[in-house]
Amino acid sequence: MKRKLVVGNWKMNGDRARNSALLDQLLGAVPAGVDCAVCPPFPYLSQVGEILRGSDVALGAQDVSEFPDGAYTGDVSITMLGDFGVRFVIVGHSERRALHGESDVLVARKAGVALEGGVIPIVCIGETLAERESGVTEQVLLRQLDALAATLSPEALQRIVLAYEPVWAIGSGRAATVEQVQAVLGFVRRWLGGHVSAPERSRILYGGSVKPETAGGLFGLPDADGGLIGGASLDAQSFVEICRAATVVQGS
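Since the model is a prediction, treat every value here as computed from it, not as a measurement.

The rules behind each value
Residues numbered from 1 in each chain as written. Predicted model: local features only at pLDDT ≥ 70, side-chain atom pairs only at ≥ 80, totals over all residues. Heavy atoms only, no water. Helix = DSSP H or I, 4+ residues; strand = E, 2+ residues; numbered from the N terminus. Rg over C-alpha atoms; globule rule 2.2 N^0.38 Å. Buried < 20%, exposed > 50% of the residue type's maximum accessible area, 1.4 Å probe, protein only. Contact = heavy atoms within 4.5 Å. Areas by Shrake-Rupley, 256 points an atom, 1.4 Å probe, with all protein chains shown as cover. Expected span 1.5 Å × (residues − 1). Polar contact = N/O pair within 3.5 Å; in protein donor to acceptor, adjacent residues only side chain to side chain. Salt bridge = Lys/Arg side-chain N within 4 Å of Asp/Glu carboxyl O. Axes fitted to C-alpha atoms, helices over the stretch in contact; angles between N-to-C directions. Parallel < 35°, antiparallel > 145°, perpendicular 65-115°, else oblique. Left-handed = near helix turned anticlockwise from the far one by under 90°. Pairing = 2+ DSSP bridges. Arc of directions from axis to C-beta.

Engineer: In this structure, what is going on with the overall build of the protein? I would like to understand it.
Structural biologist: Secondary structure assignment for the protein yields 11 helices and eight strands. Computed over C-alpha atoms, the radius of gyration of the protein comes to 17 Å, within 12% of the 18 Å expected from 2.2 N^0.38 for 252 residues, which places it in the range of a compact globule. Overall, the C-alpha framework of the protein stretches about 50 × 45 × 35 Å when taken along its three principal axes. Residues counted as buried form 53% of the 252 residues belonging to the protein. Contacts spanning at least 24 positions in sequence make up 72% of the contacts within the protein whose residues lie at least 6 apart. Taken as a whole, the protein presents about 11200 Å² of accessible surface, with 52% of it coming from carbon and sulfur.

In structure tokens, the structure reads:
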């Protein structure tokens, strides 16, 4: 059985003092048996990377440019991320898609650039509330997934991590039911079955207001391989409890 992966997305939060305090509480408390990563904002990659050095918690980033270098003010290349020892990078988060107009094609290109640079992309997919209520969830996901398949080889596609995030459940206090989540994760796994040689080895995460009290039920779903955690990752105790839930489910 593959290990669960729990990734903390700090979004645009933190400062040097708070980062240090959070990681001091986190390191040594994350249980064995779960793969764990944290994704701080770009300015803190150096600080967080130094603190994590030698630990079992991996360093991640929140975005990457599709370009290797050049006149792209404000962007950060995969080579730059590699200099900091980044092992994972989030691409296509719903906030990037909505607030920065990132298209499915751009997200797929970023995933490819990450893989070429030796970094594992965590590719976010998901539907808005309007799309869910219109009954087009699967069509939206299919569009996002097909863009990946059109850009990446089957071998490359096998190496990415997919993260399903129902946009309507992120930070809204509204939680998707386990039945709703499994229906989507199962759909994604079946799609992978038509595009990669070993769909059971691909990791599919869930991200959508995951909390310690809901993590066990979500991680216990047949097609859930971990979680992409937002707000709860800013509280060390909550994040550790979520990681612990992943190990409990995995060991059951």
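Engineer: What is the right way to read helix α5 (residues 104–116) from this model?
Structural biologist: Three or four residues apart is the spacing at which side chains of an α-helix point the same way, because the helix has 3.6 residues per turn. Between the first and last C-alpha of α5 there are 19 Å, a value that for 13 residues agrees with the 18 Å anticipated at 1.5 Å per step. Counting buried residues along α5, 10 of its 13 residues qualify, which places the element largely inside the surrounding structure. Of all the positions in α5, only D104, L106, V107, A108, K110, A111, G112, V113, A114 and L115 are classed as buried. The inward-facing, buried residues of α5 abut α3 (78–83), β4 (88–91), α4 (94–100), β5 (120–125), α7 (137–151) and α8 (154–159).

Engineer: How do you make sense of the side chain of Q47 when you look at a structure like this?
Structural biologist: With respect to the secondary-structure elements, Q47 resides in helix α2 (residues 45–52). Here Q47 falls in the buried class, since its relative accessible area comes to 9%. For Q47, the side chain forms a polar contact with the side chain of N19, separated by 3.0 Å. Beyond its immediate sequence surroundings of up to four residues, Q47 is in contact with R16, N19 and S20.

Engineer: Help me understand the pattern of salt bridges, please; the structure alone is not making it clear to me.
Structural biologist: A side chain of one charge can pair with a side chain of the opposite charge if their charged atoms are brought near each other. By the definition in use, this model includes 16 salt bridges. Across the salt bridge formed by D63 and R96, the nearest N and O atoms sit 3.3 Å from each other. Of this pair, D63 sits in the loop between β3 (57–61) and α3 while R96 sits in helix α4, and the two are 33 residues apart along the sequence. Using a relative accessible area of 9% as the deciding quantity, one classes D63 as buried. Since its relative accessible area comes to 25%, R96 is described here as partly exposed.

Engineer: Got a minute to help me understand the packing of α5 against α7 in this structure?
Structural biologist: Packed helices, taken two at a time, are described by the angle between their axes plus the distance between the axes. Following both chains from N to C, one finds α5 and α7 inclined at 45 degrees, their axes separated by 8 Å at the closest point. The orientation of α5 with respect to α7, classified from their angle, is oblique. Seen along the crossing, α5 lies across α7 with a hand that is right-handed. Between α5 and α7, the contacting residues are D104, V105, A108, R109 and A111 on the first element and R143, Q144, A147, L148 and T151 on the second.

Engineer: Would you mind showing me how to read the environment of A150 here?
Structural biologist: The residue A150 is located in helix α7 in this model. For the pair A150 and A108, spaced 42 residues apart in sequence, the C-alpha to C-alpha distance is 8.4 Å.

Engineer: How should I be thinking about the pairing of β5 in this particular structure?
Structural biologist: In regular strands, side chains alternate between the two faces of the sheet. Burial analysis of β5 places five of its six residues in the buried class, which makes it a mostly covered element. One ladder, built from four bridges, connects β4 with β5; its direction is parallel. Within β5, the position partnered with I90 by the bridge is I122. Of the pairings in the sheet, the one linking β5 to strand β6 (residues 161–164) comprises four bridges and is parallel in character. What sits directly across from V123, in β6, is L162.

Engineer: What should I look at first to understand helix α1 (residues 16–26) in this one?
Structural biologist: Of the residues making up α1, those classed as buried are N19, L22, L23 and L26. The buried residues of α1 occupy an angular sector of 95 degrees when projected down its axis, which confines them to one face. Pointing more than 90 degrees away from the buried face of α1 are the exposed residues A17, D24 and Q25. A side-chain oxygen of the first residue of α1 lies 3.1 Å from the backbone nitrogen of A17; this N-cap is D15.

The quantities given are spatial measurements derived from coordinates; they are silent on function.
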